[in-house]
Amino acid sequence: MKISGWGRYPVIDSDIIHYHSEDSLFKSIDKHEPIIAHGFGRSYGDSALSESILKMRPAKRMLQFDQVSGRLTCEGGVLLSEILKTFLPRGWFLKVSPGTKFVTVGGAIASDVHGKNHHQTGAFSESVSEFSLMLPNGSVKTCSRSENKELFHATCGGMGLTGIILKATIKLQKVQSSTISQQVIKTASLRETFQAFEKFSDEPYSVAWMDCTATGDSLGRGLLNVGHFNDVGDFNYKPPGNFEVPIAFPSFLINNGSIKLFNQFYYNKNFKKVSNSKVSVDSFFYPLDKLKNWNRLYGQKGPLQYQFVLPKENSFEGIKEILTYLQRNNVYSPLGVLKLFGKQNKNLLSFPMEGYTLALDFKVDDKILSLLNDLDKKITEWGGRIYLAKDSRMSEEVFDSGYPKADKFRSIREHYGMNELFNSLQSKRLNL
Amino acid sequence: MNDRWLLILGANSDIAVETAHQFAKNSWNLLLASRDISNLNKVASDIEIKHQVRVKTFEFDASDFKSHNSFYENLPYKPDGVILAFGYLGDQQRAQKNFGEAKKTLDTNFTGAVSILEIIAEDFTERKTGFIVGISSVAGERGRQENYIYGSSKAGFSAYLSGLRQRLYKVDIHVMTVKPGFVRTKMTLNRDLPGMITADPKDVGIAIYKGILKKRNIIYVYPVWRLIMFIVKSIPETIFRRLDI
C-alpha cells in the first residue's frame, strides 16, 4: 500500500501489518525486517515509513486510571484526542500536549513531542511514568526512570527504533476549568519578540507566530500567544467537528504573493499591542486540527516542515541570519512558529534544548531542497539541531553534529539487535 | 447510578465492542462474555474508564452447550437485554473437505445461539422484561457457493430469530435481527471491500442502539443492503445456479 508521512513526501509502497494482540504481535512482525511502528501518521517526514509498517492504532484501549494521582495506563495506539474527550470533562488535561491532538501516546513518546509549556514543564516524556516495550527478541520490558532506565531514555525520542511501545502510564494534570485565558502580544521586531518571551515566561503556555515576510527593522515581528487555564469555570468540553480539506489544492495557490498577503493580514488583524480573551482548549492548543487534512492545502506534495532549535546564546543572531538568508533567496514560509524551550532532558535523541526553536513550512521544490542544505550548515555552525519528527532529508553529518548522544543510541541499538529488525527510511539515512 | 445491565455474548468482536461502547455511553452497565478473557478484560477497562459504568467479564464458549445453563444462572445480575454477537466465519473450502470445520461453523452460529437464547428467552418471559438482539448476516439470505456453510448457519439463525420474535411479541419482549452487510473488521482486514457499502463497526453499534430504541425488527446497517439482497433473492434459481457471485 502506498503511504507517506504527514508532509506527503516521500511516498513509498509498504506492507501494512495491523496490531492485533500482544500475544500474536511478535509472530506477526518477526519476519518483516525492516519494520517500524506507526501511530496516527502525523510525523511529517520518513520516520514512520519502512518496507513494513506496524499500525498500532488498533491498540487503543485505556487500561487503568487512578482518580487521585491522575495516572492513566493505556495502550500505545490511544490518541491524545481520546484522552481529552474522556478526561477534560472530569478536570484533567495532558501535562504536555503537542500542537495536534491527533497523535498516539506511543508516537508522542517516540518523538518526545513538546508543547507550549516546554519552558516550564519539559517534553512529553516528563509526563511518562513508565511504558512496556517489546524488544526485537519478543521479550517485553517495563521501562521507567528507575527500571531499565537506559531503554527508557533511548525510547523517549527514539523514533520507534528501540521497539514497540505496547502500553504506557502517563500523568495527567488537574485543571480548574476547560478554558484558557489568552493574551496576544504584538511585537514589532525580532528583539521585541524575544523580549516578550522572557517577560511572559511565568505564563505556563507560550508560542509565537512570526511574520517571515517582514524585512528590515520589522524582521522577526509577530504575535506572541500566552495563556493559562482559568481558575474558575466549568469543564464543558465538546470537541469541534472538523472540516475536511477535500482535495489537494493546486500548489500554485501558495506563492510569494499570497504568502506575503496572508502574513500581513494576519499580523494586522490584531490592532492592539496586547489583547486578552477567553478561549477553548481546541482553539488555543489545536488550531490546525479544525482542518482535517490541512496538509492538502500545500498541494499534491504537501508541506515540507523544517524545525530547528539553536542554543539560547546563539538564538537571536542565528535566527536573524536564517530569516535574512531565506528572504535574500526570495523564499518565504507561509507560517513561522517560534518558541522558547526550557532545559534539555536526559533522553538520547530528544529534540528540545534550551534556546529558541523555529518551525517553518515550505512548498517542496528543488530550490528549497538545496537552500535547506545551506540552512543545515548554518544550524550546525550555531550549535543547533533539527527535529527528527519533521525530517525527511537531513544528512548523517548534520544529524551527528546536532545530536551528541547519537553514538550511544547506536550502541544500544546494536546491543539489543534493534537495528536488525526496527528500521525506518530515516534510520537508514542517518545510519542509526 | 443506573442499574440496567446488558449482556453481550461474543463481546470481543469489533462489532460487539463498538456496540458495547454505544450502550455504555448511554449509561448501560455491561456483562461481557467471550472465550478470550484476557482481551475482554482490556475491553472492559476501556469502557469503564471512558463511560464510567460498571462492566463485568465472563468466560463463555458458544459451542460448549452444556455450560450454557450454569453460565446464565451464575451471572451476578440478570440482564435487561442481550446481544448475541458471536459467530464463526470459517473457511468454506476447508469446510467442504473437513466436516469438523463445517460442524464448528454450524455449532457456533446456529446450535450455540439456539442453546443460549432459549435459556434467556425463558428467563425474559418469566420476568416479563428484556430485549434480544441477534447479529446474523446477509449471507444467510441466499446460499452462495463462496460461503454456503456459513451462510446456511446464518440462514438458520435468522429463521430462528424470526420465530422467536413472534413468540415473544406476546409478552412484549423485543427481538431484533441485525444484518450488517460488509463491515471493516479484523475478520475482513485483508479483503478489498467496496467503500460505499462497507460500514465501520461503530456504524453497526450506533444502528443497533437506535434500532433498540425504535424497536425495529430487522435492520440492515446501510439501507442499500435491503435492496441488494432483494435483487439477489429475486434471481430465479435456474439462472442463479449458473452465476459466479
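Starting from 1, residues in each chain are numbered consecutively following that chain's sequence as written. Here chains are named by letter from A upward and ligands by number from 1 upward, in the order in which they appear as written. Reporting of local features is limited, given that this is a predicted model, to residues whose pLDDT is at least 70; pairs of side-chain atoms are given and counted only at 80 or more, and all residues count toward the totals for whole chains, interfaces and linings. Side-chain measures here rest on the full set of heavy atoms in the structure, leaving out hydrogens and waters.

Draft legend 1. Broad picture of the overall build of chain A. Numbering of helices and strands runs from the N terminus, with a helix taken as a DSSP run of H or I at least four residues long and a strand as a DSSP run of E at least two residues long. For chain A, the helix and strand inventory stands at 13 helices and 21 strands. Considered along the principal axes of its C-alpha atoms, chain A spans approximately 60 × 50 × 45 Å. Among the 432 residues that make up chain A, the fraction classed as buried is 60%. Any pair of residues with heavy atoms lying within 4.5 Å of one another is described as a contacting pair. Intrachain contacts of chain A at a sequence separation of at least 6 include 74% that bridge at least 24 residues. Think of it this way: Lys and Arg go in the positive column, Asp and Glu in the negative one, and His and the chain ends go nowhere. Every charge is mapped onto a representative atom, which is NZ of Lys, CZ of Arg, CG of Asp or CD of Glu. Across chain A, 54 positive and 44 negative side-chain charges occur, with their mean positions spaced 6 Å apart. To sort residues, take the accessible area from a 1.4 Å probe on protein chains only and compare it with the maximum for the residue type: under 20% means buried, over 50% means exposed, and anything in between is partly exposed.

Draft legend 2. Just the pattern of salt bridges, in detail. Residues and elements named next belong to chain A. Salt bridges, as used here, are contacts in which a Lys or Arg side-chain nitrogen is within 4 Å of a carboxyl oxygen on Asp or Glu. Across all of its chains, the model carries 28 salt bridges over all chains by this definition. Between Asp46 and Arg429 there is a salt bridge, with the nearest N and O atoms lying 2.9 Å from each other. Within this pair, whereas Asp46 is found in the loop between β4 (35-38) and β5 (52-55), its partner Arg429 is found in helix α13 (residues 425-429), the two being separated by 383 residues in sequence.

Draft legend 3. Spatial organisation of the nonpolar core. We call a set of buried Ala, Val, Leu, Ile, Met, Phe, Trp, Tyr and Cys residues a nonpolar core when their side-chain atoms join them within 4.5 Å. Among the nonpolar cores identified, the biggest contains 106 residues, and A:Ile83, A:Phe93, A:Phe131 and A:Ile319 are the most heavily contacted of them. Sequence-distant contacts of A:Ile319, that is, excluding residues within four places in its chain, are made with A:Leu190, A:Phe194, A:Met210, A:Phe308, A:Leu310, A:Leu338, A:Tyr356 and A:Leu358.

Draft legend 4. Examining the sheet that holds β4(A) more closely. Residue and element names in this part refer to chain A. Here, any two strands with at least 2 DSSP bridges between them count as paired. An order of β3-β5-β4 is seen for the three strands of this open sheet, with the pairing classed as parallel. This sheet does not close on itself; its edge strands, each paired only once, are β3 (15-18) and β4. Adjacent strand axes in the sheet meet at a mean angle of 30° when their direction is disregarded. Where β4 and β5 come together, four bridges link them in parallel fashion. Bridged to Ile35 within β5 is Ser52. Axis definition: a line fit to C-alpha positions, over the contact stretch in the case of helices; interaxial angles, taken between N-to-C directions, run 0 to 180 degrees.

Draft legend 5. Structural context of the UniProt feature "domain: FAD-binding PCMH-type" (unreviewed entry) in chain A. Here, the residues flagged by UniProt with the feature "domain: FAD-binding PCMH-type" (unreviewed entry) are residues 9-175 of chain A. The span residues 9-175 of chain A carries 20% helix and 31% strand; its end-to-end C-alpha distance comes to 38 Å. UniProt positions are given in the numbering used here, feature names are shortened, and annotations may be inferred rather than shown by experiment.

Draft legend 6. The arrangement of a nonpolar patch on the surface in detail. A patch consists of residues exposed above 30% relative accessible area that lack any salt bridge, with like charges linked at up to 9 Å and nonpolar side chains (Val, Leu, Ile, Met, Phe, Trp, Tyr) linked at up to 5 Å. Here the Shrake-Rupley method, with its probe set to 1.4 Å, supplies the accessible areas, and only the displayed protein chains count as covering residues. Residues B:Val224, B:Leu227, B:Phe230 and B:Ile231 make up a contiguous nonpolar surface patch of roughly 390 Å² in combined accessible area. Along the chain, B:Ile231 falls in helix α8 (residues 224-234).

Draft legend 7. Highlighting the pairing of strand β5 (residues 131-135) of chain B. Residue and element names in this part refer to chain B. Along β5, five of the five residues are buried, which leaves the element largely enclosed by surrounding structure. A two-sided burial pattern is seen for β5, the buried positions comprising Phe131, Val133 and Ile135 on one face and Ile132 and Gly134 on the other. Direction of pairing for strand β4 (residues 81-84) relative to β5: parallel, over a ladder of three bridges. Within β5, the position partnered with Leu84 by the bridge is Gly134. Summarising the sheet, β5 and strand β6 (residues 174-179) pair through five bridges and their orientation is parallel.

Draft legend 8. Layout of the side chain of A:Ser52. Position of A:Ser52 among the secondary structure elements: in strand β5. Residue A:Ser52 is classed as buried on the basis of its relative accessible area, which comes to 4%.

Draft legend 9. Region of the structure containing the packing of helix α5 (residues 99-127) of chain B against helix α6 (residues 148-169) of chain B. All names here are of chain B. Following both chains from N to C, one finds α5 and α6 inclined at 10°, their axes separated by 8 Å at the closest point. Between α5 and α6, the crossing angle belongs to the class labelled roughly parallel. From α5, Ala102, Thr105, Leu106, Asn109, Phe110, Ala113, Val114, Leu117, Glu118, Ala121, Glu122 and Thr125 reach across to α6, where they touch Ile149, Tyr150, Ser152, Ser153, Lys154, Gly156, Phe157, Tyr160, Leu161, Leu164, Arg167 and Leu168. Ten residues, namely Ala, Val, Leu, Ile, Met, Phe, Trp, Tyr, Cys and Pro, are considered nonpolar, four, namely Asp, Glu, Lys and Arg, are considered charged, and the remaining ones, Gly among them, are considered polar. When grouped by side-chain class, the residues that make up the contact of α5 with α6 number 14 nonpolar, six polar and four charged. Roughly parallel refers to an angle under 35 degrees, roughly antiparallel to one over 145, roughly perpendicular to one between 65 and 115, and oblique to any angle outside these ranges.

Draft legend 10. Representation of the side chain of A:Thr155 within the structure. All names here are of chain A. Relative to the assigned elements, Thr155 resides in helix α5 (residues 149-155). According to the relative accessible area criterion, Thr155 is buried, its value standing at 2%. Reaching out from Thr155, the side chain makes a polar contact with the side chain of Thr162 at a distance of 2.8 Å. In the analysis that follows, any N or O atom pair within 3.5 Å is treated as a polar contact, provided that within protein one partner can donate a hydrogen and the other can accept it, and provided that, for residues neighboring in sequence, both atoms belong to side chains.

Draft legend 11. Local environment of the packing of aromatic side chains. Between rings of Phe, Tyr and Trp, where Trp is taken as its six-membered ring, a pair exists when centres lie within 6.5 Å; planes separated by under 30 degrees are stacked, by over 60 edge-to-face, and by other angles tilted. Throughout the structure, instances matching the rule amount to 28 aromatic pairs over all chains. Ring plane angle 75° and centroid distance 6.1 Å describe the contact between A:Tyr205 and A:Phe284, whose orientation is recorded as edge-to-face. Of this pair, A:Tyr205 sits in strand β13 (residues 205-210) while A:Phe284 is found in helix α8 (residues 281-285), placing the two residues 79 residues apart along the sequence. Given a relative accessible area of 4%, A:Tyr205 falls into the buried group. A relative accessible area of 1% places A:Phe284 in the buried class. Aromatic side chains B:Phe60 and B:Phe86 sit 5.9 Å apart centroid to centroid with 40° between the ring planes, which places their arrangement in the tilted category. Remark: B:Phe86 occurs in the loop between β4 and α4 (92-97) and B:Phe60 occurs in the loop between β3 (55-59) and α3 (68-73); sequence separation between them is 26 residues. Judged on exposure class, the residue B:Phe60 and its partner B:Phe86 are both buried. Among the aromatic residues, those joined into a cluster by ring pairs are A:Phe93, A:Tyr205, A:Phe229, A:Phe284, A:Phe285 and A:Tyr286. Counting as a charge over the ring demands two things of the Lys NZ or Arg CZ atom: a distance within 6 Å of the ring centre and an angle within 35 degrees of the ring normal. Seen from the ring of A:Tyr266, A:Lys269 lies directly overhead, with NZ or CZ sitting 4.6 Å from the centre.

Draft legend 12. Structural context of unusual backbone geometry. For the bond running from A:Glu33 to A:Pro34, omega is -10°, close enough to zero to count as cis. Structurally, A:Pro34 is set in the loop between α1 (22-29) and β4. Of note in the backbone geometry, A:Asn330 takes a positive phi value of approximately 65° without being a glycine. Tracing the chain through its elements places A:Asn330 in the loop between α9 (312-328) and β19 (336-341). Positive phi is not limited to glycine here, since B:Lys215 has a value of about 55°.

Draft legend 13. Geometry of the interface of chain B and chain A. Listed by partner, the interface residues are 12 residues for chain B and 13 residues for chain A. Between the two partners, chain B and chain A, sit one salt bridge. Across the salt bridge formed by B:Glu18 and A:Lys60, the nearest N and O atoms sit 3.9 Å from each other. Linking chain B with chain A are six residue pairs in polar contact (both at pLDDT 80 or more), by the criterion used here. Of the residues belonging to the side of chain B that touches chain A, the class tally is three nonpolar, four polar and five charged.

Draft legend 14. Looking closely at the pairing of β19(A). Residues and elements named next belong to chain A. Counted residue by residue, β19 has five buried out of six residues, so it is predominantly covered. Looking at chain direction, β13 and β19 are connected through three bridges and run antiparallel. Counterpart to Met210 in the pairing with β19 is Gly336. Bridge count between β19 and strand β20 (residues 355-363): six bridges; the pairing is antiparallel. When the bridges of β20 are listed, Val337 appears paired with Ala359.

Draft legend 15. Just the sheet that holds strand β2 (residues 29-34) of chain B, in detail. Residues and elements named next belong to chain B. A sheet is described by the order of its strands in space; here seven strands give the open sequence β3-β2-β1-β4-β5-β6-β9, paired in parallel fashion. In the strand order of this sheet, the two ends are held by β3 and β9 (218-220), each with one partner. The mean angle between the axes of side-by-side strands here comes to 15°, regardless of whether they run parallel or antiparallel. Relative to the sheet, helix α1 (residues 14-25) contacts β1 (5-9), β2, β4 and β5, its axis offset from that of β2 by approximately 165°.

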